[in-house]
Amino acid sequence: MTFTFRHLTSSAAALLAEHDERRIRAIRSRRWVLYPRAKQALDRLHGLLDQPRGTRMPSIAIYGDSGMGKTMIMKQFRDEHPPSFNTATGVLTTPVLAMEMTSRPGERRFYAELLTLLGAPSRPRADIAQMEQAAMRIMEAIGVQVLVIDEVHNLLAGSYREQRIVLNTLRFLSNRLQISLVCFGVNEAREAISGDVQLARRFEQLTLSRWAANEQFEALIGSILRNMPLRHPSVLTPNALRRILQITDGITARPLDR
């Protein structure tokens, strides 16, 4: 008897030949599922790479509750534009550089995190000016076009003065290197970015709202199920979908164990 698995993607169907332990591990693992909101965000982000260079580069801020998929969108964007090495010229190019805002914001800690990400040798006695010049020199050399900052709401852990200094640092890097900024954070991050009016004006704002009982949510669940190596189709009734929303409060990363 021949079975067809039209309810699955080709990669999910390929896992059906594996042992149950492997399939269960695949079901529990995190996976990228493209859905309309994510596609809209990615399309905006990809557009930044096509912008002509200038001193006031357009930037994007993506806000949403924790668990709404911001970090996964960030990683997908980064992975779609990985570093490349030209063996003929010996030049490494990194169009998208992604980092996480430090838990306690400050100019020195920001540059230290950035330099570590860039693979620069540690210089504990370097002053901020030296760290700044080193970071700019490396970023310019590797052709960074977009600097992505996740968890930007961590700025709020600092004093007003510390927040202003870090925001001014971001604006300075954007102006001097002619790069776009992309910031991801919870909704409170709007308050952090608005602390620098000149910088805030450059940001297009996108919001990942909580899911509601509509066709987009149904399509999302359908996409997730097609990527799970289940031998038989899983049919969710409208009542089941409403129950998922009730348990998760519309937040996709919230577990369904209540």
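Residues numbered from 1 in each chain as written. Predicted model: local features only at pLDDT ≥ 70, side-chain atom pairs only at ≥ 80, totals over all residues. Heavy atoms only, no water.

K.L.:
It is not clear to me how helix α3 (residues 36-48) should be interpreted in this structure. Could you clarify?
P.N.:
Along an α-helix, residues three or four apart share an orientation, since each turn contains 3.6 residues. Compared with an ideal rise of 1.5 Å per residue, which puts 13 residues at 18 Å, α3 spans 19 Å between its outermost C-alpha atoms and is within 8% of the ideal. Elements in contact with the buried residues of α3: β1 (59-64), α4 (70-80), β5 (146-150), β6 (180-185), β7 (203-208) and α10 (215-226). (Helix = DSSP H or I, 4+ residues; strand = E, 2+ residues; numbered from the N terminus. Expected span 1.5 Å × (residues − 1). Contact = heavy atoms within 4.5 Å.)

K.L.:
What is the right way to read the layout of surface pockets from this model?
P.N.:
Unoccupied space between atoms shows up once a probe the size of one water molecule is rolled over them. Quantified by volume, the largest pocket comes out at close to 1,200 Å³. With 6 residues, the top contributor of residues to the lining of the largest pocket is α4. Residue classes in the lining of the largest pocket are distributed as 19 nonpolar, 10 polar and 9 charged. Space inside the second largest pocket adds up to approximately 300 Å³. Forming the walls of the second largest pocket are 16 residues, and the residues nearest its centre are Leu115, Pro121, Ser122, Arg123 and Met131. For the lining of the second largest pocket, the secondary-structure elements that each account for two or more residues are α5 (107-117) and α6 (128-141). Counting residues per element, the lining of the second largest pocket draws most heavily on α6, at 6 residues. (1 Å grid on protein atoms, 1.4 Å probe; cavity = no way out; pocket = protein on both sides within 12 Å on 5 of 7 lines; lining within 4 Å. Points joined across faces, edges and corners; volume = space filled by probe spheres on them. Nonpolar A, V, L, I, M, F, W, Y, C, P; charged D, E, K, R; others polar.)

K.L.:
Quick question: what am I supposed to make of the sheet that holds strand β4 (residues 96-100) here?
P.N.:
The strand order across the open sheet built from 5 strands is β4-β5-β6-β1-β7, with neighbouring strands paired in parallel fashion. In the strand order of this sheet, the two ends are held by β4 and β7, each with one partner. Put simply, the sheet's adjacent strands are angled 15 degrees from each other on average, direction ignored. Direction of pairing for β4 relative to β5: parallel, over a ladder of 5 bridges. From the neighbouring strand, Met99 faces β5, where its bridge partner is Ile149. Of the strands in this sheet, β1, β4, β5, β6 and β7 are in contact with α4, which crosses β5 at around 155 degrees. (Pairing = 2+ DSSP bridges. Axes fitted to C-alpha atoms, helices over the stretch in contact; angles between N-to-C directions.)

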